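Below, each chain spelled out in residue letters.
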Amino acid sequence: MINPSMAERKVDTRLKVRAEGPNECEMNAPSKRTSFKAESHFREAQTLRGDLTPAEFLVLLLPGFSQLCLSSFIDPLRLANSLSGHELFSWRLASLDGQSVASASGISVGVSGGLMDQAQPHQADPRGGILLCAGEGVEGHSSRGLRAFLRDCARSRVPVYALGTATWLLADAGVLGNSRCTIHWGKMAALSETYYDLNIDDVLFVRGGQFVTCAGELAAFDLAIDVIEDSCSDDLVRDICQHLTADRWRDGESSQSVPPGLRYAGAAKKLLRILQLMEKNVEEPLSLRDISRRAELSRRQIERLFARHLSTTPWQHYLSLRLLKARQLIEMTAMPITDVAIACGFVSASHFSKCFREHFKMSPSRVRAGSQTAA
């Protein structure tokens, strides 16, 4: 937090340097225009928020969390403070046992203490909330204590943000109900097969209720911008993006599964509609005729779109999508191979195995054995 008296001393120092002549300090000092802009950001944020108290997030780091995901959410909040000249947001890091936590990259991050020691759910800031940051192996981090904590959060109406794979912990605690949610695409298939009653959507993030779910990684940046935009000015959001050299931020409803480079292509709307139809109809695949009718495009138009933007055919893309989901289920669940085949729209286990071997150059049973060895 910037102390006002310290800020005044810094401004006085800069003015003295300016009077003595230009040097490196002067070149790096913010202009009066920047200071006026920061004060304007703060006044607008104060008007929207109604007070000067920072919105606080208690961040629970779970082993194997993504540093990219954590930084993508926290750094925009830090810049909101810096560019406004006031502490609009604050955060504390916690772990389950109070010890430092190793990220997916192997770098350990220190924390302020254990989750239960940091705050009780009813004491959490409702303008911020609890932030869960998880990565691979999230299933192994569930515990009776964490389930109880999340259920207390639900009863206390404390906002909970689940980043990356942390949606799994909310599902395990049984607090999502039939609320719409999302999770990183790599866990989406396993989550939907493990918790049948969830309303899972292939989007970047879902806000609007007590539980906010996010696909994580760079989608955490888009969520952070959305949070800042709710309580601060649009100008501040634009300045944050400019500082981070981000020329745009994505809406939460954007699909995770959009192939790279396609999101902003001219034909995106037409092709995205078809891709979403395929994503939502994996267990009972649609025929190209059905897709053509629902997308209101001719079969030839659809084939041209896939050839031009994805360099493949609709059928090959659909098959690849189903096989990718099958591999996720084989690696991340204990479902029998036959059940995986049915869940991914194959009429027989033999046909599924043949397609799987051709696509991944190994059999489903070998992939299952490999995932069990790695575990």
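Residues numbered from 1 in each chain as written. Predicted model: local features only at pLDDT ≥ 70, side-chain atom pairs only at ≥ 80, totals over all residues. Heavy atoms only, no water.

Visitor: Account for the nonpolar core, naming residues and giving values.
Guide: Ranked by internal contacts, the top residues of the largest apolar core, which has 39 residues, are Leu61, Phe73, Phe89 and Leu223. Of all elements in the fold, only β1 (55–61), α4 (67–84), β2 (89–95), β6 (129–134), β7 (160–164), β11 (211–214), α9 (219–231) and α10 (234–243) reach the threshold of two or more residues within this core. For this core, the leading source of residues is α9, giving 8 residues. Not counting residues within four places of it along the chain, the set of residues in contact with leucine 223 comprises Phe73, Tyr161, Leu163, Phe205, Arg207, Val212 and Cys214. Counting 35 residues, the second largest nonpolar core, distinct from the first, contains Ile291, Cys344, Phe356 and Phe360. (Core = buried A, V, L, I, M, F, W, Y, C linked by side-chain atoms within 4.5 Å. Buried < 20%, exposed > 50% of the residue type's maximum accessible area, 1.4 Å probe, protein only. Helix = DSSP H or I, 4+ residues; strand = E, 2+ residues; numbered from the N terminus. Contact = heavy atoms within 4.5 Å.)

Visitor: Explain the sheet that holds β1 residue by residue, including any values.
Guide: Here 7 strands make up an open sheet; going across it, the order is β5-β2-β1-β6-β7-β11-β10 and the pairing mixed. Each of the sheet's edge strands pairs with one partner strand only, and the pair in question is β5 (113–114) and β10 (205–206). Bridge count for β6 against β7 is 5 bridges, and the pairing is parallel. What sits directly across from cysteine 133, in β7, is leucine 163. Lying on the sheet, α4 is in contact with β1, β2, β6 and β7; it crosses β2 at an angle near 150°. (Pairing = 2+ DSSP bridges. Axes fitted to C-alpha atoms, helices over the stretch in contact; angles between N-to-C directions.)

Visitor: Lay out unusual backbone geometry with the relevant residues and their values.
Guide: With a phi close to 55°, threonine 245 is a non-glycine residue in the positive phi region. Within the secondary structure, threonine 245 sits in the loop between α10 and α11 (268–279).

Visitor: A description of α9 should follow, citing residues and the corresponding values.
Guide: Residue pairs spaced three or four apart in an α-helix point in one direction, given the helix's 3.6 residues per turn. For α9, built from 13 residues, the straight-helix expectation of 18 Å at 1.5 Å per residue is met to within 8% by its first-to-last C-alpha distance of 19 Å. Extensive coverage of α9 is indicated by the burial of 10 of its 13 residues. Residues of α9 that are buried include every one of Ala219, Ala220, Phe221, Asp222, Leu223, Ala224, Ile225, Val227, Ile228 and Ser231, and no others. (Expected span 1.5 Å × (residues − 1).)

Visitor: Describe the packing of helix α12 (residues 288–295) against helix α13 (residues 299–309), naming the residues involved and giving the relevant values.
Guide: Relative to each other, α12 and α13 sit at 95°, their axes nearing to 9 Å. It follows that α12 is roughly perpendicular to α13 by the angle criterion. Within the contact between the two elements, α12 uses Leu288, Ile291 and Ser292 and α13 uses Arg299, Ile302 and Glu303. Its residues assigned to classes, the contact of α12 with α13 shows 3 nonpolar, 1 polar and 2 charged. (Parallel < 35°, antiparallel > 145°, perpendicular 65-115°, else oblique. Nonpolar A, V, L, I, M, F, W, Y, C, P; charged D, E, K, R; others polar.)

Visitor: Can you break down the side chain of glutamine 328 residue by residue, with the values?
Guide: Among the structural elements, glutamine 328 can be located in helix α14 (residues 314–332). Residue glutamine 328 is classed as buried on the basis of its relative accessible area, which comes to 9%.

Visitor: So what's going on with the pattern of salt bridges? Which residues, and what values?
Guide: On inspection of all chains with the given rule, the structure shows 15 salt bridges. Taking the shortest distance from any N to any O, the salt bridge between aspartate 201 and arginine 180 comes out at 3.0 Å. Linking aspartate 201 in the loop between β9 (199–200) and β10 with arginine 180 in strand β8 (residues 180–181), this pair joins segments that are 21 residues apart in sequence. The exposure class assigned to arginine 180 is partly exposed, which follows from its relative accessible area of 29%. Residues arginine 250 and aspartate 222 are paired through a salt bridge, measuring 2.7 Å at the closest nitrogen-oxygen approach. You can see arginine 250 sitting in the loop between α10 and α11 and its partner aspartate 222 sitting in helix α9, a full 28 residues away along the chain. Under the relative-accessibility criterion, aspartate 222 is labelled buried at 2%. (Salt bridge = Lys/Arg side-chain N within 4 Å of Asp/Glu carboxyl O.)

These results come straight from atomic positions and should not be treated as a statement about function.
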